[in-house]
Amino acid sequence: MSVVAPGTPAPDFTLKTEDGGKLGLTDLRGSTTVLVFFPFAFSPTCADQFSVYQEVLDEFEARGAKLYGVSCDATWSLKAFREKLGVSIPMLSDFEPKGETCRAFGVYHPGGFPQRALVIIDPDGIVKWSYEADNPGELPGANLIFDGLAA
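In what follows, the accompanying structure is described. (Residues numbered from 1 in each chain as written. Predicted model: local features only at pLDDT ≥ 70, side-chain atom pairs only at ≥ 80, totals over all residues. Heavy atoms only, no water.)

1. Regarding the overall build of the chain
Of the regular secondary structure elements, the chain holds six helices and nine strands. Relative to the globule expectation of 15 Å for 151 residues, the C-alpha radius of gyration of the chain, 14 Å, shows essentially globular dimensions. When each of the 151 residues of the chain is scored for burial, the buried share is 52%. Taking all contacts inside the chain whose residues are at least 6 apart in sequence as the whole, residues at least 24 apart take part in 65%. Looking at the chain, you have 12 positive and 20 negative side-chain charges, and the mean spots of the two groups are 5 Å apart. (Helix = DSSP H or I, 4+ residues; strand = E, 2+ residues; numbered from the N terminus. Rg over C-alpha atoms; globule rule 2.2 N^0.38 Å. Buried < 20%, exposed > 50% of the residue type's maximum accessible area, 1.4 Å probe, protein only. Contact = heavy atoms within 4.5 Å. Lys, Arg positive; Asp, Glu negative; His and termini not counted. Charge placed at Lys NZ, Arg CZ, Asp CG, Glu CD.)

Below, the structure is given as C-alpha cells:
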C-alpha cells in the first residue's frame, strides 16, 4: 500500500487532539490542511522535522495552510513532545484503534508506526498532493510542502 494519491477524496477520519478532543476531516473543510505523518514523538528525526516546520510556519500559514502532526503515539506523549520542542503545530493521535487513520491514508508501516509522509488536503476534502519518504529516517524538508502547496 502506498500513500493516498492526489485527486482522490481524503479518507474520512477522526483523531484525538492533545487535550482529549477530536478532530476529523469534516472539521478541516474550508481550509487547506497539511497532515504530517511521523513515526515517533521524541525521536531525533521527528524532532528535527517539526523544528524546521515551526521555523517557517508563518510562511505556510501565509499560503493558507494549516499543519497537523499525526502519529500513533498517545495524546499525552504528543503534548509533551510539542511542549518540549516549543512548537505550536497541533499534534493528533492515531493511537486507538492503532493506526486506523494511517492505514486509511496508506502510510502505516508494518513495524507498527506511521511511515514519514505528507498529505495536503484542499478545502473540499480532496487530496491535492502527497509524499511518502523512502524510509522513516528521511526528513522531508519544508520545501517539499511549499512545492505541494504550489502544485
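After presenting the structure, the write-up continues.
2. Considering the pattern of salt bridges
Tallying each qualifying case throughout the model produces two salt bridges. Put simply, arginine 82 and glutamate 18 hold a salt bridge, and the shortest N to O gap is 2.8 Å. One end of the pair, arginine 82, is in helix H4 (residues 75-85); the other, glutamate 18, is in the loop between strand E1 (14-17) and strand E2 (22-24), with 64 residues separating them in the sequence. On the basis of relative accessibility, which here comes to 15%, the residue glutamate 18 falls in the buried class. In this structure, the salt-bridge partner of glutamate 83 is arginine 82, at a minimum N-O distance of 3.9 Å. On the basis of relative accessible area, arginine 82 is assigned to the buried category, the value being 19%. The structure contains a network of salt bridges with shared partners spanning Glu18, Arg82 and Glu83. (Salt bridge = Lys/Arg side-chain N within 4 Å of Asp/Glu carboxyl O.)

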